[in-house]
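# Report on the structure
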Amino acid sequence: MTASEDPTATPTAMPPATTTDIHAACAQPVWALWLLSMILFSLVIALSAGLVESLAGAGLPEVLRSGGTGFATAVGLCLVAVPAVRELRKRR
């Protein structure tokens, strides 16, 4: 009976992954999902700001400027909030 046919033989597989390996493998997709949700949230803010300006009777340049400002502000706040929350969790 060869080793591959022996039911009691232990397989020569790779060692189990460590927690660090798992976190490194999962870090990229999680960051991509966070970035996508930040952008979608910022788009909602931009559209809301543009709609409010439009209902107030502003012209197209003012509406676009208002929407762009709302988008930039929301993205900036989201990008600052993630590292801040991460730092606060470390201090616990």
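See the structure shown above.
We now turn to the structure provided with this report. Predicted, not measured: the structure shown is a model, and the values here were computed from it.

A count of helical and extended segments in the protein gives two helices and zero strands. Put simply, the protein has 92 residues, and 12% of those count as buried. When the accessible area of the protein is evaluated, it comes to approximately 7600 Å², of which 70% is carbon and sulfur surface.

So, about a nonpolar patch on the surface. The grouping of Val30, Trp31, Leu33, Trp34, Leu35, Leu36, Ile39, Leu40, Leu43 and Leu79 at the surface amounts to a nonpolar patch, some 920 Å² of accessible area in total. Tallying contributions element by element places helix α1 (residues 19–55) first for the nonpolar patch, with nine residues. Within the secondary structure layout, Trp31 lies in helix α1. Judged by relative accessible area, which is 36%, Trp31 ranks as partly exposed.

Bringing helix α2 (residues 60–91) into the picture now. Along an α-helix, residues three or four positions apart point the same way, because every turn accommodates 3.6 residues. The end-to-end C-alpha separation of α2 is 47 Å, in line with the 46 Å expected for 32 residues at 1.5 Å each. Taken as a whole, α2 has its buried residues at Val63, Ser66, Gly67, Gly70, Ala74, Cys78 and Val82.

Before going further, it helps to examine the environment of Leu35. Counting through the fold element by element, Leu35 comes out in helix α1. It is 8.6 Å that separates the C-alpha atoms of Leu35 and Leu79, two residues lying 44 residues apart in sequence.

The subject of this paragraph is the side chain of Ser66. With respect to the helices and strands, Ser66 occurs in helix α2. In this structure, Ser66 is in contact with Ala49, Gly50 and Glu53, ignoring residues within four places of it in sequence.

Calculation rules
Residues numbered from 1 in each chain as written. Predicted model: local features only at pLDDT ≥ 70, side-chain atom pairs only at ≥ 80, totals over all residues. Heavy atoms only, no water. Helix = DSSP H or I, 4+ residues; strand = E, 2+ residues; numbered from the N terminus. Buried < 20%, exposed > 50% of the residue type's maximum accessible area, 1.4 Å probe, protein only. Areas by Shrake-Rupley, 256 points an atom, 1.4 Å probe, with all protein chains shown as cover. Patch = residues over 30% accessible without salt bridge, like charges linked within 9 Å, V, L, I, M, F, W, Y side chains within 5 Å. Salt bridge = Lys/Arg side-chain N within 4 Å of Asp/Glu carboxyl O. Expected span 1.5 Å × (residues − 1). Contact = heavy atoms within 4.5 Å.

Nothing here speaks to function; it is all geometry.
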